[in-house]
Amino acid sequence: MADSDSIQVEADPVPPGGGPERTADGGRPEGGRGSLRRRLGGTVVLLVLAMLFFVPWWTLFASGVHWPFPVFLAGTVVFACWLVSFPFLMAAGHGRRRADRAARFADTSLGVVWVLFTWSVLGGLVHLVLAGLGVGGADRARAVAAAVAAVSAGLLAWGHQEAMRVPRVKRLDVRVPRLGGGLDGTRVVLLADTHYGPIDRAGWSARVAEVVNGLDADVVVHAGDIADGTPVQRREQSAPLGTIRSRLAKVYVTGNHEYFGEAQGWLDRMAELGWEPLHNRHVVVERGGDLLVLAGVDDVTAESSGLEGHRANLLGALAGADPERPVLLVAHQPKYVDRAAAAGVDLQVSGHTHGGQIWPFNFLVRIDQPVVHGLSRHGERTQLYTSRGTGFWGPPFRVFAPGEITLLTLRSGT
């Protein structure tokens, strides 16, 4: 580290977060309304699941394709068994047992059926257009079915390769008007959504670390969703994070997936690997005589987890920070940017969206988040960079939403 580079750690106390609502005797409220919601939710899930499987089956085997009966029967049996087994595989893979083998089958199935569903819907629209134009005749349905199968297979093969490869480096200059001249050129490497999980990607993790180390970073950020599972389960996959180097700081915040497992355990694990967990706190880094505040907050779902001391608390994260200094905030979900803008944060970096991961899921993500990926401006001062994520969640596919290792070079001046 150069003589002019230093780090000052601000370990401000974090006010305890509120837990789930409870009754006067300490129990959780029960009632007909909650039970009705659960039943309705379960019904909606079953209907969506049935539709995901029904549409591809109809397109491939029943929409006037007139396959020989053995082909129709075999396809119907496969889809029926697939549909029936899917919920059990998901429960075994992502429930209390967390059986990785079941999770691999379930997650892959989810990706395959989503791609088949999407292109079956598009194929159905093409079928209607061709029928309206009188094109294709009796063989039209078979041609559409064959095209849907071929396109889906090609996209799944390509999407799997995209998901499993080491992501490309995305380079971007970000101008921060309040940044001091000494900080001009500061290199911030952003990782997010590594999602170490049922597929063992320890080798992939090591190669990602090698790429990051080749970027000569001043600051390295991990914006959460580090893993699906506990620190013990994913110890080997997370170990390469301990080899990552930076001049000034390596910082980490929790994502929503940490709260499905052991959020505090992941904070402790990252500290063990040499990272600064920004658990509603900040650190100050210096470069060329100028200071930059690196702040981080827990994920917005932290409070509902009931884990004591966990909630997104920007006020606590910035407590004691000089308001004249530029602030880089790490918050897992882009939708936290409204609070960042209200607090005058200069730059927020986030992940969570995966860029949609499998097209056209990005349109559904946009309903929940203000941005799906890229650099955006919010209010007079605040900019937001949303990463597509470094890894993938669940289905081992990325279709039209490539992963990324992001290199943000901070520039001073307007």
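Our structure is the block above this text.
In this report, the structure presented in the accompanying data block is examined. What you see is a predicted model, and the numbers here were worked out from it, not measured in a lab.

A look at the overall build of the protein
Argument step 1. Each helix and strand in the protein was counted, giving ten helices and 13 strands.
Argument step 2. Against the 2.2 N^0.38 benchmark of 22 Å for 414 residues, the protein shows a C-alpha radius of gyration of 24 Å, consistent with a compact globule.
Argument step 3. Along the first, second and third principal axes, the C-alpha set of the protein runs to 75 × 55 × 40 Å.
Argument step 4. Residue burial in the protein is summarised as follows: out of 414 residues, 50% are buried.
Argument step 5. Relative to all contacts within the protein whose residues are 6 or more apart in sequence, the contacts with residues 24 or more apart total 75%.
Argument step 6. Looking at the protein as shown, the accessible area adds up to about 18,800 Å², and 60% of this sits on carbon and sulfur atoms.
Argument step 7. The averaged location of the 39 negative side-chain charges in the protein is 8 Å from the averaged location of its 40 positive side-chain charges.

With respect to empty space enclosed by the protein
Argument step 1. Counted according to the given criterion, the structure contains four cavities of 30 Å³ or more.
Argument step 2. Empty space within the largest cavity amounts to approximately 100 Å³.
Argument step 3. Around the largest cavity, the lining residues are H94, R104, D107, H195, G197, P198, I199, R201, D228, F392, W393 and G394.

With respect to the layout of surface pockets
Argument step 1. Here the largest pocket is characterised by a volume of approximately 660 Å³.
Argument step 2. Around the largest pocket, the lining is made up of 22 residues, and of these L110, G356, F361, V365 and W393 lie nearest the centre.
Argument step 3. Broken down by secondary-structure element, the contributors of at least two residues to the lining of the largest pocket are α1 (32-62), α3 (100-133) and α10 (361-368).
Argument step 4. Residue contributions to the lining of the largest pocket peak at four residues, all from α10.
Argument step 5. Of the residues belonging to the lining of the largest pocket, the class tally is ten nonpolar, ten polar and two charged.

Focus: the packing of α3 against helix α4 (residues 140-164)
Argument step 1. Where α3 contacts α4, the two axes come as close as 9 Å, and the packing angle between them is 145°. Every pair of crossing elements has a handedness; the one defined by α3 and α4 is right-handed. Across the interface between the two elements, G111, V112, V115, L116, W119, S120, G123, H127, L130 and A131 of α3 pack against R140, A141, V144, V148, V151, S152, L155 and L156 of α4.
Argument step 2. In the contact of α3 with α4, the residues fall into twelve nonpolar, five polar and one charged.

Here's the deal with the pattern of salt bridges
In a structure, side chains of opposite charge can pair up when their charged atoms sit close to one another.
Argument step 1. As enumerated under the stated definition, the model contains 13 salt bridges in all.
Argument step 2. With a closest N to O distance of 3.6 Å, D173 and R411 form a salt bridge. Within this pair, whereas D173 is found in strand β2 (residues 168-176), its partner R411 is found in strand β13 (residues 404-412), the two being separated by 238 residues in sequence.
Argument step 3. Judged by its relative accessible area of 27%, R411 is partly exposed.

Here we look at the packing of aromatic side chains
Argument step 1. The final tally for this structure, using the stated rule, is 15 aromatic pairs.
Argument step 2. Ring geometry for W57 against W58: centres 6.3 Å apart, planes inclined by 55°, an arrangement best described as tilted.
Argument step 3. When its relative accessible area of 42% is taken as the criterion, W58 is described as partly exposed.
Argument step 4. Look at Y196 and W204: their rings are 6.4 Å apart centre to centre, the planes differ by 75°, and that puts the pair in the edge-to-face class. Neither Y196 nor W204 differs from the other in exposure class; each is buried.
Argument step 5. Clustering of aromatic rings is evident, with ring pairs tying together F53, F61, F79, W82 and F86.
Argument step 6. Across from the ring centre of W204, 4.7 Å away, lies the NZ or CZ of R201, which sits over that ring.
Argument step 7. Between the NZ or CZ atom of R201 and the centre of the ring of F392, over which it lies, the distance is 4.5 Å.

Things to note about the pairing of strand β7 (residues 281-287)
Argument step 1. Within β7, five of the seven residues are buried, leaving the element largely enclosed by the surrounding structure.
Argument step 2. Strand direction decides the pairing type here: β7 and strand β8 (residues 290-296), joined by seven bridges, are antiparallel. Across the sheet, E286 pairs through a bridge with L291, a residue of β8.
Argument step 3. Hairpin remark: β7 followed by β8, antiparallel, with two residues in the connecting loop; positive phi at G288, about 60°.

A closer look at the environment of V399
Argument step 1. On the secondary structure map, V399 appears in the loop between β12 (382-386) and β13.
Argument step 2. With a relative accessible area of 2%, V399 lands in the buried category.
Argument step 3. With 139 residues separating them in the primary sequence, V399 and F260 have C-alpha atoms 26 Å apart.
Argument step 4. Residues within four places of V399 in sequence aside, it is in contact with L155, W158, G159, Q357, I358 and W359.

Describing the environment of V349
Argument step 1. Along the polypeptide, V349 turns up in strand β10 (residues 347-350).
Argument step 2. You can call V349 buried: its relative accessible area is 1%.
Argument step 3. Between the C-alpha atoms of V349 and I226, which are 123 residues apart in sequence, the distance is 15 Å.

Some words on the nonpolar core
Argument step 1. Formed by 26 residues in total, the largest nonpolar core has its most connected members in L294, L328, V349 and L410.
Argument step 2. Those residues in contact with L410 that lie beyond four places of it in its chain are V174, V176, L179, L183, D184, G185, T186, V188, L292, L328 and L347.
Argument step 3. Among the nonpolar cores identified, the runner-up in size contains 25 residues, and L49, F61, F86 and F397 belong to it.

What counts as what
Residues numbered from 1 in each chain as written. Predicted model: local features only at pLDDT ≥ 70, side-chain atom pairs only at ≥ 80, totals over all residues. Heavy atoms only, no water. Helix = DSSP H or I, 4+ residues; strand = E, 2+ residues; numbered from the N terminus. Rg over C-alpha atoms; globule rule 2.2 N^0.38 Å. Buried < 20%, exposed > 50% of the residue type's maximum accessible area, 1.4 Å probe, protein only. Contact = heavy atoms within 4.5 Å. Areas by Shrake-Rupley, 256 points an atom, 1.4 Å probe, with all protein chains shown as cover. Lys, Arg positive; Asp, Glu negative; His and termini not counted. Charge placed at Lys NZ, Arg CZ, Asp CG, Glu CD. 1 Å grid on protein atoms, 1.4 Å probe; cavity = no way out; pocket = protein on both sides within 12 Å on 5 of 7 lines; lining within 4 Å. Points joined across faces, edges and corners; volume = space filled by probe spheres on them. Nonpolar A, V, L, I, M, F, W, Y, C, P; charged D, E, K, R; others polar. Axes fitted to C-alpha atoms, helices over the stretch in contact; angles between N-to-C directions. Left-handed = near helix turned anticlockwise from the far one by under 90°. Salt bridge = Lys/Arg side-chain N within 4 Å of Asp/Glu carboxyl O. Phe/Tyr/Trp six-rings, centres within 6.5 Å; stacked < 30°, edge-to-face > 60°. Lys NZ or Arg CZ within 6 Å of the ring centre and 35° of its normal. Pairing = 2+ DSSP bridges. Core = buried A, V, L, I, M, F, W, Y, C linked by side-chain atoms within 4.5 Å.

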